[in-house]
Amino acid sequence: MVAKAKERRLTTENTEEVTSASVTSCPLWLIFQFMSYRTNHCGALRKADSGARVTLCGWVDSRRDHGGVVFIDLRDRNGITQVVFRPEEHSDAASAAHGLRGEDVIQISGVVTPRLAGTENPKLATGEIEVVADALAILNKADVLPFPLGEDSVSEDLRLEHRYLDLRRPEMVRNLTVRHKITKATRDYFDSQSFLEIETPVLSKSTPEGAREFLVPSRIFPGKFYALSQSPQQYKQLLMVGGVERYFQIAKCFRDEDPRADRITELTQIDVEVSFVTEEEIFSLIEGLLAQIFHLVRDAEVSCPFPRLTYQGAMNRYGTDKPDRRFGMELVALDDTFRESQFKVFRAALDSGGVVKAINAKGFANITTGQIENLTEIARQYGARGLAFIKVENGEWKSPIVKFFSDTEKKALASRLGIEEGDLILFGADQWEVVCSVLGRIRLRVAEILGLNKDSSALEFLWVMDFPLLTYSMEEQKWNAVHHPFTRPKGEDIHLLEAGEFGKVRAQAYDVVLNGVEIGGGSIRIHERDLQAKMFEVLGIPPDKQQILFPHLLKAFRFGSPPHGGIALGVDRLVMLAAGTDNIRDVVAFPKNNRGEDLMMNSPSSPEPRQLRELGLQITRKP
Ligand code: ASP
């Protein structure tokens, strides 16, 4: 039945009376296409609106039939409003409402009415009212959904295949809202600091910067390829040569790496570069941005400046370059304590230039055998031969190794680690890198078991600085850049670079860490041609190859390149932390799954033979 024009007009004019009910399953909106679809959003109405005549649009979240009276929870992006259809008052609308199914798209008109005392729903923002509907238009029917929207147990692949449905869930709306707020706050902040937002090419050139790149074949130049930009690094440096001085961009970056829970192949960065800048200035610039973001999205007061640790200090104390400082359990150095020890394992590690360290897992003496086995397995995975421990129970140190300790050693141990009844002490004795990374992982696992890392309201920001410039790859038998090839060595370490002591050179590189997650990293850059060429050479790129890979940069540096530096923050990780989710795909509208596939679009997909011909390509390896 097609409603009369007069009745529909009423839906946009709150004060007029309705004369009769209307219901339609035909596109009624055609008649009223020049008016608004709705007067209010589904999260807007309150008790104070009682008596108002409203029109709402949205999806049927649920339908309940109560002996002829039909209740609909009507949902849009802003919330849910309960709509009541009463057959005795508006029989046509009520009987059409009987046929509604979940996710049908409808438009209703009616009067805002306070709910009866005792039937209010405090969980809903609109829970004190309902709309008594007298008109219903079905804008589009929905088939039965492939999965129930509110169900937690639905597999992620099924959700990703139907992402357009998954996005209707309030959590997803919330995550996308947080993301929008963060990017908007970023733009406002940098604008207020006289930065220019500048787009750089996505189709770029393949250069060895760190990550594996996605290649894009060129049709016009058969056999040649672009690379999708893994970061705007070289462009932003060239913008500095171009005199831009203060650049930022919310940039898409593409890295052909295996996806993980907190890593994706197509990521978004807040990318920043500044000329005539010091590390200190970058730190306070980014602290200001993060304080503004977390104030806006979490109403949190972030205290600045952030604490700082050197890479060496972070590894020594936390066994990682991204320490979670929401809890202590620091690694304690015991080299002095065991230097003369009779315990062979510790003594041998020290005699061969290694270290002995331990952590005190307070109150964890009741660890189960299964948990100890799990920790030992982790220790082995990270290169240890085993995991020595002491449980402190009933005033006794229970451990097969204690009998080898002298009284002096025991005393020193107790005071260095603050050992008390109920504690569990876990040891590492090996080369420095192995001990740090093993105890760093064990520390995190113990924190996980004891629930010490659950507090997502804590905001433990931290700068980690003075990273090594270079690291030696046994596999490739060559030196690689720890950050990237454009990172500047610390002034006082340049002589070490010249002397070939590459492992000892520190970089002017820094990471910003939040609750144990690296949310950004950057560096002061090399801006001199000769130093850059030297760095390429150390990385195994000889002058002729430099001229093929980086002629633009080396040339640009000859024409007055200013000192500069910058940073990039991961938007996806930042949103994850701000929104309190631990799956990075939950903060991206259309993510690839954990195997890098887009299940909704079914990509990657096979090209048409014609496309391959045009590109001059042939597929030689099939899956
Ligand atoms: N381009 C670097 C990265 O993507 C960050 C930087 O150095 O600014 O990690």
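The rules behind the values
Residues numbered from 1 in each chain as written. Predicted model: local features only at pLDDT ≥ 70, side-chain atom pairs only at ≥ 80, totals over all residues. Heavy atoms only, no water. Helix = DSSP H or I, 4+ residues; strand = E, 2+ residues; numbered from the N terminus. Buried < 20%, exposed > 50% of the residue type's maximum accessible area, 1.4 Å probe, protein only. Polar contact = N/O pair within 3.5 Å; in protein donor to acceptor, adjacent residues only side chain to side chain. Near = heavy atom within 4 Å. Areas by Shrake-Rupley, 256 points an atom, 1.4 Å probe, with all protein chains shown as cover. Pairing = 2+ DSSP bridges. Contact = heavy atoms within 4.5 Å. Axes fitted to C-alpha atoms, helices over the stretch in contact; angles between N-to-C directions. Patch = residues over 30% accessible without salt bridge, like charges linked within 9 Å, V, L, I, M, F, W, Y side chains within 5 Å. Salt bridge = Lys/Arg side-chain N within 4 Å of Asp/Glu carboxyl O. Disulfide = S-S within 2.5 Å.

1. Thoughts on the side chain of glutamine 107
Looking at where glutamine 107 falls in the secondary structure, it is placed in strand β5 (residues 105–114). Judged by relative accessible area, glutamine 107 falls into the buried class, the value being 5%. A polar side-chain atom of glutamine 107 sits 2.8 Å from the main-chain carbonyl oxygen of tyrosine 37.

2. Quick look at the site of the ligand
Taken together, 13 residues lie near the ligand, and Gln233, Lys236, Arg255, His483 and Arg525 sit nearest. Contact distances for the ligand include 3.1 Å between a nitrogen atom and a side-chain N or O atom of serine 231. Taking arginine 255, its side chain carries an N or O atom lying 2.9 Å from an oxygen atom of the ligand. Relative to its unbound accessible surface of 270 Å², the ligand loses 89% to contact with the protein.

3. What to know about the sheet that holds strand β14 (residues 332–333)
Spatially, 5 strands are ordered β14-β15-β18-β16-β17 in an open sheet, and the strand pairing comes out antiparallel. Of all the strands in the sheet, just β14 and β17 (396–398) have a single pairing partner and so form its edges. As defined by bridge partners, strand β15 (residues 355–361) adjoins strand β18 (residues 424–430) across 7 bridges and the pair is classed as antiparallel. Following the sheet pairing, alanine 358 is matched in β18 by phenylalanine 427. Strand contacts of helix α10 (residues 344–351): β15 and β18, with the helix running at about 40° to β18, the strand carrying the most contacts. Packed onto the sheet, helix α13 (residues 432–450) meets β15 and β18 and runs at close to 5° relative to β15.

4. What to know about the environment of valine 131
Tracing the backbone shows valine 131 in strand β6 (residues 129–140). Relative accessible area serves as the criterion here: at 0%, valine 131 is assigned to the buried category. Linking valine 131 and phenylalanine 85, residues 46 residues apart in sequence, is a C-alpha distance of 8.7 Å. Filtering out sequence-adjacent residues up to four positions away, valine 131 remains in contact with Leu45, Val54, Leu56, Thr81, Gln82, Val83, Val84, Ile108, Gly110, Val111 and Val112.

5. Regarding the environment of glycine 118
Mapping glycine 118 onto the fold places it in the loop between β5 and β6. Put simply, glycine 118 and glutamine 237 are 119 residues apart on the chain and 65 Å apart in space, counted from C-alpha to C-alpha.

6. Re a nonpolar patch on the surface
A grouping of Leu215, Phe225 and Leu617 is seen on the molecular surface, where their side chains present a nonpolar patch of about 260 Å² in accessible area. On the secondary structure map, leucine 617 appears in the segment after α19 (609–615).

7. Considering the state of the cysteines
What the rule picks out here adds up to 0 disulfides. Its sulfur unpaired, cysteine 42 is 7.9 Å from the next cysteine sulfur, which belongs to cysteine 57.

8. Focus on helix α6 (residues 233–241)
Within α6 the residues assigned to the buried category are Gln233, Gln234, Lys236, Gln237, Leu239 and Met240. Looking at the buried positions of α6, the neighbouring elements they touch are β11 (246–254), β12 (266–275), α17 (551–556) and β24 (564–570). Two residues or fewer past α6, glycine 243 is found with a positive phi of approximately 80°.

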